[in-house]
Amino acid sequence: MKCARCLLQLQCLRLVGQSARSAAQHGALLRSTSSSQPDMLHNTQVLRRFHGSPACAKRRPVPAEFINEDDKKRDKSLVTHDDLFEQVAKEVKTKATFNKVVDVFIKRDIRRRGHVEFIYAALKKMPEFGVERDLVVYNKLLDVFPKEVFVPRNFIQRMFNHYPRQQECGVQLLEQMENYGIMPNMETKVLLVQIFGEKGHPMRKYQRIMYWFPKFKHINPFPVPQQLPEDPVDLARFSLTRIANDLDAKVTVYQTHIHPDLCSFSLFSFLPVLTPGIQSPSQMQLLAQHSPSRPVFVEGPFPLWLRKTCVYYYVLRADPTPPDEKVEEPFDPERCLAFPLQLDLDLDRDFGDEESFDVEDLDEGPVFAMCMTSQGDQAVLNQWISGLQQNNPILGQVPTLFRLDAGPRELQGPADTESAHQHRTDPGPQREERQPEEDEEPRRSQGAKW
Amino acid sequence: MSLPKISLPSVRLLSSIHHHQQQLLLPSTSPLTGPKRAVSQGEYRRPGQPKVDKFPWQPINFGFSKGFDGVKKHLALLKKEFSDRWVGPQGKPILEHMLEQNQVLWEFRGPESLEQWTVSSDQEIGGQSEVHLKLGKNQNTCLLYGTLSSTPPRDGETRYSGYCTMRSKQPLASFDRKKHYDWSSFNTLHLRVRGDGRPWMINIATETYFSHQKDDIYNYFLYTRGGPYWQDVKIPFSKFFITHRGRIQDDQHPLWLDKVNTIGFTLGDKADGPFQLEIDFVGVCKDYAHTEEFAYEVYKRNPEI
């Protein structure tokens, strides 16, 4: 045993001396050293009773890399037990290193002294190691609790909140799981029963999680997947189909090459900027019906949140038609032969159903298309408009105005056409010049066709 | 002194025991210093809030002009109440009251509609989120916007932070008597909103009898789609679950619609950054197709030990 410890010390001194060490090597080292330890320690971890003295208590092996530091800083403060994690902090923080730290703690003391502080410290450090959504890690952390010690054995113990600190620690662990939305599994339940018994507070918390989580898992009518696509074009495609509210809408990706002299970073001057845009057939129809004398606006950027990421989209819209210009199109009965689109029922005996609210209808004008881009500058948006022009020829005659503003955004209504930042454009025959709203460098028109 | 706050994080599930212990172990002060809050107001002090050491009559404003305007306003309200009784229940003719299927409760058509709402954020407990409420363009909608920041305030006891909320004020009758909404003839909440994709929560607070029920709120989620289109959200009242101080309760019961006090919207989705929500109107409607009484189990699910 002694030679094993010396071997450990030598190896670990080498470890400490080197600055960069991969996590896999660490794991391998520990595994090799731990295999030399007596077997008694790790097979009976789960069902051991700690009220008797274990036979090998004197020969508790402590990994040598922690011996010197622990002896020196024997601080007695009540703060979290971060020292184990701080030592690992010098290396790369992964799940393997986190597991290693937990293993070191487990093997350090058969009685698991200070496990409550250790678990609180581990819960705090989980986001740094990137394991806060990993159920296996939570179960492993729950395994740190000594089993069967905190289970109440008679009614008095059950009545008086047996081992309140440990119960609170268990509850906090489950609460962190609940905060990250992780559903516990059967192993968690078995561990909780072994540690705290069936009637403890952690078990109650587990029961509450298992009751409410399934009820609320699928109530989002617009679900966002946990793993959002990495590629910005795919992300934009997903979010555009989400906000389009129309299953017939099609996503098209427009390419822009920024001119080298306009772009300050010469590195990226030759990379195309991809701008996904979306338009549905009904929007195309609306745009075709739009009168060329009234302008259309490109507004943005509007924020859209998908879990923790915010993407920005731009909208092509027009003001609502004034009531005198509105043309009431009669219902075409042949548009749908399966059922009548218009029903004129004269029900005398019934009061009837009043389905609509007594609220004036908000008419904010039609939305013709949307696009999503992280660079909201003129070049990109102009390319989008020219791309849209291929399917909607009316855009060639309609003046396009840009309203690009950051801050809390809403679609601007018709009353705001007299804003000071607007610039009227002359509708040219083929290429219209679009002037930016904000003060930007004069950019050349992007009428260049591909 | 009191329980050590550093090693024991704030206890929530065992709150009833620990709050009483904390109160008992506070250092005693001499009887001539500031007043203690009465039992009826509750002994719970919000974490991070300084203790208010004023006598109950000190915050009241005893000015003359305020009194004169107040008397005028309240007498007008009283007269309206008397005359409304002659028209019918709640000032509507009986036939209209019986047959109405949709009722618009709040629509934001002018600046005075914003007076009915209160906004608050976690700046009350020392956080850094901001929230503002203003009328949208065209004076037709309201825009609730701001920034969320989930860094908890450093007062040693708060662990989570980052929320913003908008709550309607309790309707008041003449002489500031509390009035309640009566939605017993409806069964669905109908909202027209335009959010930015964030998940909100709708809170409905009803009139309660016992003081322990003061913080009972019925909640449900409001998922916004985001985008330029308005979103019609219909939530039946049978879906609202009861929570107390933000913790969902074990004993659930359906929301009683006859004495509703306030409705509110909360955002606390732990995503730091700007947010906005536009609301066109809030109404209630009676959906004859919805026959569910309550969506959650009412029987005792966690029997006592």
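In this text the structure is predicted, and so the values were computed from the model without any measurement.

Thresholds, definitions, all that
Residues numbered from 1 in each chain as written. Chains lettered and ligands numbered in written order. Predicted model: local features only at pLDDT ≥ 70, side-chain atom pairs only at ≥ 80, totals over all residues. Heavy atoms only, no water. Helix = DSSP H or I, 4+ residues; strand = E, 2+ residues; numbered from the N terminus. Buried < 20%, exposed > 50% of the residue type's maximum accessible area, 1.4 Å probe, protein only. Contact = heavy atoms within 4.5 Å. Areas by Shrake-Rupley, 256 points an atom, 1.4 Å probe, with all protein chains shown as cover. Core = buried A, V, L, I, M, F, W, Y, C linked by side-chain atoms within 4.5 Å. Pairing = 2+ DSSP bridges. Buried area = accessible area lost by both parts, 1.4 Å probe. Salt bridge = Lys/Arg side-chain N within 4 Å of Asp/Glu carboxyl O. Arc of directions from axis to C-beta. Polar contact = N/O pair within 3.5 Å; in protein donor to acceptor, adjacent residues only side chain to side chain.

### A short note on the overall build of chain A
- For chain A, the count of helices and strands is 15 helices and 6 strands.
- Within chain A, buried positions represent 45% of all 450 residues.
- A fraction of 70% describes how many contacts in chain A between residues 6 or more apart in sequence connect residues 24 or more apart.
- When the accessible surface of chain A is split by element, carbon and sulfur atoms take 54% of a total near 25900 Å².

### Some remarks on the nonpolar core
- By size, the foremost hydrophobic cluster in this structure holds 49 residues, and its most contacted members are B:Trp183, B:Phe240 and B:Phe265.
- Each residue touching B:Phe265, except ones within four places of it in the same chain, is listed here: B:Trp117, B:Cys164, B:Thr165, B:Met166, B:Leu191, B:Trp200, B:Met201, B:Ile202, B:Leu222, B:Ile279 and B:Val282.
- In this structure, A:Val88, A:Val102, A:Ile119 and A:Ala121 belong to the second largest nonpolar core, which totals 40 residues.

### What about the environment of A:Asp353?
- Among the structural elements, A:Asp353 can be located in the loop between strand 4 (309-318) and strand 5 (367-372).
- On the basis of relative accessibility, which here comes to 52%, the residue A:Asp353 falls in the exposed class.
- With 27 residues separating them in the primary sequence, A:Asp353 and A:Lys326 have C-alpha atoms 29 Å apart.
- Setting aside residues no more than four positions away along its own chain, A:Asp353 makes contact with B:Gln101 and B:Tyr288.

### Looking at the sheet that holds strand 10 (residues 241-244) of chain B
All names here are of chain B.
- Across the sheet, which stays open at both edges, the 7 strands sit in the order 2-5-12-7-8-10-11 with antiparallel pairing between neighbours. Edge positions in the sheet fall to strand 2 (117-121) and strand 11 (247-248), since each of these pairs with one other strand and no more.
- In this structure, strand 2 lies alongside strand 5 (residues 164-168), joined through 5 bridges in antiparallel fashion. Each bridged residue has a counterpart across the sheet, and for Ser121 the counterpart in strand 5 is Cys164.

### Comments concerning the interface of chain B and chain A
- Each partner contributes to the interface: chain B provides 69 residues, whereas chain A provides 59 residues.
- When chain B packs against chain A, close to 5600 Å² is buried across both sides, 56% of that on carbon and sulfur atoms.
- For the pair chain B and chain A, the interface holds 6 salt bridges.
- Measuring nitrogen to oxygen at the nearest pair gives 4.0 Å for the salt bridge that ties B:Arg109 to A:Glu360.
- Top contributing element to the side of chain B that touches chain A by residue count: strand 13 (residues 273-285) of chain B, with 9 residues.

### Section: unusual backbone geometry
Residues and elements named next belong to chain A.
- With a phi angle near 65°, Glu148 is a residue other than glycine that sits in the positive phi range.
- When its relative accessible area of 29% is taken as the criterion, Glu148 is described as partly exposed.
- Even without glycine at this site, Asn161 takes up a positive phi of about 55°.
- The exposure class of Asn161 is buried, given its relative accessible area of 18%.

### Observations regarding helix 11 (residues 186-196) of chain A
Residues and elements named next belong to chain A.
- All of the buried residues in helix 11 are Thr188, Leu191, Leu192, Ile195 and Phe196. Seen from one end, helix 11 has its buried residues packed into an arc of 100°, which puts them on one side.
- Contacts from the buried residues of helix 11 go to helix 8 (135-142), helix 10 (164-179) and helix 12 (201-216).
- For helix 11, the N-terminal cap is Asn185; the gap from its side-chain oxygen to the backbone nitrogen of Glu187 is 3.2 Å.
- Backbone geometry just downstream of helix 11 places Gly197 in the positive-phi region, at approximately 85°.

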